[in-house]
Amino acid sequence: MTTEDIYAKLVPIVKTYLPEDVNESAITPTSDLTRELNINSAHLVDVVLDVEDAFDVEFDNADMESLRTLNDAVAIIQKKIA
C-alpha cells in the first residue's frame, strides 16, 4: 500500500472527528491533529480505533505517543503493514 493510498484512506476518518469550526481543507499531511485540527483527546482515541479497523493494525502506547500529524499516522501504519 502506497503512502498516497494510506493518506487517502486516513483523510475521511479524520474528517469525521473535525470540530465544526475547522474546515476540512485544513487537513494536510503535516497537520497537527490536536493543535491545528482541534481534535480532542477523546476523539483522537476514536480516530485511532477507526484507523486500526480500517488498516487491520494495532497501535501500542509508543505509537500513540508519537502520533501528532497525519504523516506520523502514515509512518506508523506503513511500519505495521510492512
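As a reminder, the structure under discussion sits directly above these lines.
Residues numbered from 1 in each chain as written. Predicted model: local features only at pLDDT ≥ 70, side-chain atom pairs only at ≥ 80, totals over all residues. Heavy atoms only, no water.

Participant: Help me understand the overall build of the chain, please; the structure alone is not making it clear to me.
Facilitator: Scanning the chain from terminus to terminus reveals 4 helices and 0 strands. For the chain, the α and β elements follow one another from N to C terminus as α-α-α-α. Over its C-alpha atoms the chain spans a radius of gyration of 12 Å, differing by no more than 12% from the 12 Å that the globule rule assigns to 82 residues. The principal-axis extents of the C-alpha atoms in the chain amount to approximately 35 × 25 × 20 Å. Entry remark: accessible area of the chain is about 4,900 Å², with carbon and sulfur atoms responsible for 48%. Averaging the coordinates of the 6 positive side-chain charges in the chain and doing the same for the 17 negative ones gives two points 4 Å apart. (Helix = DSSP H or I, 4+ residues; strand = E, 2+ residues; numbered from the N terminus. Rg over C-alpha atoms; globule rule 2.2 N^0.38 Å. Areas by Shrake-Rupley, 256 points an atom, 1.4 Å probe, with all protein chains shown as cover. Lys, Arg positive; Asp, Glu negative; His and termini not counted. Charge placed at Lys NZ, Arg CZ, Asp CG, Glu CD.)

Participant: In this structure, what is going on with the side chain of D63? I would like to understand it.
Facilitator: Residue placement: D63 occurs in helix α3 (residues 61–66). Judged by its relative accessible area of 3%, D63 falls in the buried class. Within the structure, the side chain of D63 is placed 2.8 Å from the side chain of K80, a separation counted as a polar contact. Those residues within four positions of D63 in sequence are excluded, and the remaining contacts are E58, I76, K79 and K80. (Buried < 20%, exposed > 50% of the residue type's maximum accessible area, 1.4 Å probe, protein only. Polar contact = N/O pair within 3.5 Å; in protein donor to acceptor, adjacent residues only side chain to side chain. Contact = heavy atoms within 4.5 Å.)

Participant: Would you take a moment to explain the packing of aromatic side chains for this structure?
Facilitator: When we look at a pair of aromatic rings, we describe it by the centre distance and by the angle of the planes. Enumeration according to the criterion identifies 0 aromatic pairs in this entry. Its end group placed over the ring of F55, K9 keeps NZ or CZ at 4.8 Å from the ring centre. (Phe/Tyr/Trp six-rings, centres within 6.5 Å; stacked < 30°, edge-to-face > 60°. Lys NZ or Arg CZ within 6 Å of the ring centre and 35° of its normal.)

Participant: Is there a simple way to explain the packing of helix α1 (residues 3–16) against helix α4 (residues 70–81) in this structure?
Facilitator: In a packed pair of helices, the relevant descriptors are the angle between the two axes and the axis-to-axis distance. At a minimum axis separation of 10 Å, α1 and α4 run at an interaxial angle of 125°. Considering their axes alone, α1 and α4 lie oblique with respect to each other. For the pair α1 and α4, the sense of crossing is right-handed. Here T3, I6, Y7, L10, V11 and V14 of α1 come into contact with α4, specifically with L70, A73, V74, I77, Q78 and I81. Looking at the contact of α1 with α4 residue by residue, the classes come out as 10 nonpolar, 2 polar and no charged. (Axes fitted to C-alpha atoms, helices over the stretch in contact; angles between N-to-C directions. Parallel < 35°, antiparallel > 145°, perpendicular 65-115°, else oblique. Left-handed = near helix turned anticlockwise from the far one by under 90°. Nonpolar A, V, L, I, M, F, W, Y, C, P; charged D, E, K, R; others polar.)

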